[in-house]
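Letter by letter, the chains look like this.
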Amino acid sequence: MIFLRGGYFFRRALRNMQQSPVLSLASVGTIAVALALLAFFAIAVLNVQQLTASWGESLAIVAYLDEVPGDSIIKGWVSDIERYPEVDKVDFVSRDQAFERFRQRLGDDAGLVEGLGPDVLPASLEISLADQWRNQAAVTAVVDRLRVDHRFTDLQYGQGWLEKLEAFLLLLRVSGAALGGFLVFAALVIVANTIKLTLYARQDELDAMVMVGATSLFIKLPFLVEGALQGVLGGLTALGLSFLVFEVALQKSLGSLLLITGIDTIHFLPLLWQIMLILGGGVIGLLGSLFALRKFVRFTAP
């Protein structure tokens, strides 16, 4: 019996949508645009978070040496710094090693440094932090301690870039939430107006249903199903649209931006997020229907 009634409500919802195809398409389209925009921002945030995590894992402090002391002195410096609780290891990079690294990074353009010697680059100490200390507070503490030691004056570390990246990540989240929230509100209004117009068009029929004893829930359920169905269709459309744009344009453009930073794979939304996107569309449609039905109390059976 429950299954038969569910089929009845579903058929009534489909009939309502067929009677107002333009409005139904407008509802589905608005929900799709709102959710697709949120999906684009989510893809960007997901991959920038991946970049932030990657940089955080490789976070290191580099102390450049203007003058290179003897091996025994360098070993003493390395031993002193490795006693810091935050430090995992310290590697000495000679001028020759630094110059060879630079040549390898140039790749096909390595010929640009022909005629130059290792003396153009400084030697350095590369200080890697332990996993549990790869955060802003720990990096700042180690850098401050090294600066007090006058042997190490030229210190470089990637925390500044990480802070800028995290600020950009926050901007993406706020912008996506603000713009997506506005479009979601617009979708709610359009779904509500679609249901309202359907109610107005079927006013006599609904009055007759009340007169013969139809309950409030029986009258309202088809419209709730209609709103949820429009929302689910909007979510599916948004998922298909975002995947198409990701494959055609976003993956290439975002990839060219992130690949140079060491990220070798650009990710689409995880499966859980895809499911949430579709369910989110259903919730938007259902809320829009509830908002419309709330004002039609005169259709409610006594």
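Description of the structure in this document. A quick note: this is a predicted structure, and the numbers were derived from the prediction, not measured.

**A word on the overall build of the protein chain**
Now for step 1: In terms of regular secondary structure, the protein chain is built from 9 helices and 4 strands.
Now for step 2: Sequence-ordered secondary structure for the protein chain, helices as α and strands as β, is α-α-β-α-β-α-β-α-β-α-α-α-α.
Now for step 3: Evaluated residue by residue, the protein chain yields a buried proportion of 39% over its 302 residues.
Now for step 4: Summarising the internal contacts of the protein chain: among those between residues at least 6 apart in sequence, 85% fall at separations of at least 24.
Now for step 5: As presented, the protein chain carries roughly 17000 Å² of accessible surface, and 65% of it is formed by carbon and sulfur atoms.

**A word on the pattern of salt bridges**
Now for step 1: By the definition in use, this model includes 3 salt bridges.
Now for step 2: Across the salt bridge formed by R145 and E86, the nearest N and O atoms sit 3.1 Å from each other. One end of the pair, R145, is in helix α5 (residues 136-148); the other, E86, is in the loop between α3 (71-82) and β2 (87-93), with 59 residues separating them in the sequence.
Now for step 3: Taking relative accessible area as the criterion, R145 reaches 32% and is therefore assigned partly exposed.
Now for step 4: Two residues, D91 and K89, come together in a salt bridge whose shortest N-O distance is 3.9 Å.
Now for step 5: Judged by relative accessible area, D91 falls into the partly exposed class, the value being 33%.

**Let's talk about the side chain of Q230**
Now for step 1: Residue placement: Q230 occurs in helix α8 (residues 216-258).
Now for step 2: Among all residues touching Q230, those that are not within four sequence positions of it are M17, S24, S27, V28, I31, V191 and T194.

**Some points on the environment of F9**
Now for step 1: If you trace the backbone, F9 turns up in helix α1 (residues 2-19).
Now for step 2: The spacing of F9 and L224 is 215 residues in sequence and 9.2 Å in space, taken between C-alpha atoms.

**Examining the sheet that holds β2**
Now for step 1: The sheet built from 4 strands is open, its strands ordered β2-β3-β1-β4 with antiparallel pairing. Strands with a single pairing partner mark the edges of an open sheet, and in this sheet they are β2 and β4 (154-157). This sheet shows a mean twist of 20° between the axes of neighbouring strands, independent of strand direction.
Now for step 2: Both strand β1 (residues 60-65) and strand β3 (residues 123-129) contribute to a ladder of 6 bridges, which runs antiparallel. Across the sheet, residue A63 finds its bridge partner in β3, namely L125.

**Here's the deal with helix α9 (residues 271-294)**
Now for step 1: In this model, α9 (24 residues) spans 35 Å end to end at C-alpha, consistent with the 34 Å of a helix rising 1.5 Å per residue.
Now for step 2: Taken together, the buried positions of α9 are Q274, L277, I278, G281, G282, I284, G285, G288, S289, A292 and L293.

**Section: a nonpolar patch on the surface**
Now for step 1: A cluster of nonpolar side chains, namely V283, L286, L287 and L290, defines an oily patch on the protein surface of about 320 Å² accessible area.
Now for step 2: Assignment of secondary structure puts L286 in helix α9.

**Observations concerning the layout of surface pockets**
Now for step 1: In this structure, the largest pocket encloses a volume near 400 Å³.
Now for step 2: Contributions of two or more residues to the lining of the largest pocket are made by β1, α4 (95-106) and β3.
Now for step 3: At 4 residues, the largest contribution of residues to the lining of the largest pocket is made by α4.
Now for step 4: When the residues that make up the lining of the largest pocket are grouped by side-chain class, the tally is 7 nonpolar, 1 polar and 3 charged.

**Looking at the packing of aromatic side chains**
Now for step 1: Summed over all chains, the structure comprises 2 aromatic pairs.
Now for step 2: On the basis of an interplanar angle of 80° and a centroid distance of 5.2 Å, the ring pair of F243 and F268 is categorised as edge-to-face. Of this pair, F243 sits in helix α8 while F268 sits in the loop between α8 and α9; the two residues are 25 residues apart in sequence, bridging distant segments of the chain.
Now for step 3: For the pair F246 and F268, a centre-to-centre distance of 5.2 Å together with 50° between the ring planes defines the contact as tilted. Placement of F246 in helix α8 and of F268 in the loop between α8 and α9 is noted, with a sequence separation of 22 residues between them. Accessibility classification places F246 together with F268 in one group, the buried group.

**As for the pairing of β3**
Now for step 1: Within β3, 6 of the 7 residues are buried, leaving the element largely enclosed by the surrounding structure.
Now for step 2: Here 6 bridges tie β2 to β3, and the two strands are oriented antiparallel to one another. In the strand pairing of β3, K89 is matched with S128.

**Thoughts on the environment of Q156**
Now for step 1: Looking at where Q156 falls in the secondary structure, it is placed in strand β4.
Now for step 2: A residue is classified by how much of its surface remains accessible, and Q156, at 42% relative accessible area, is partly exposed.
Now for step 3: With 92 residues separating them in the primary sequence, Q156 and Y64 have C-alpha atoms 8.0 Å apart.
Now for step 4: With residues near it in sequence (within four places) discarded, Q156 still touches A60, I61, V62 and Y64.

Procedures and definitions
Residues numbered from 1 in each chain as written. Predicted model: local features only at pLDDT ≥ 70, side-chain atom pairs only at ≥ 80, totals over all residues. Heavy atoms only, no water. Helix = DSSP H or I, 4+ residues; strand = E, 2+ residues; numbered from the N terminus. Buried < 20%, exposed > 50% of the residue type's maximum accessible area, 1.4 Å probe, protein only. Contact = heavy atoms within 4.5 Å. Areas by Shrake-Rupley, 256 points an atom, 1.4 Å probe, with all protein chains shown as cover. Salt bridge = Lys/Arg side-chain N within 4 Å of Asp/Glu carboxyl O. Pairing = 2+ DSSP bridges. Axes fitted to C-alpha atoms, helices over the stretch in contact; angles between N-to-C directions. Expected span 1.5 Å × (residues − 1). Patch = residues over 30% accessible without salt bridge, like charges linked within 9 Å, V, L, I, M, F, W, Y side chains within 5 Å. 1 Å grid on protein atoms, 1.4 Å probe; cavity = no way out; pocket = protein on both sides within 12 Å on 5 of 7 lines; lining within 4 Å. Points joined across faces, edges and corners; volume = space filled by probe spheres on them. Nonpolar A, V, L, I, M, F, W, Y, C, P; charged D, E, K, R; others polar. Phe/Tyr/Trp six-rings, centres within 6.5 Å; stacked < 30°, edge-to-face > 60°.

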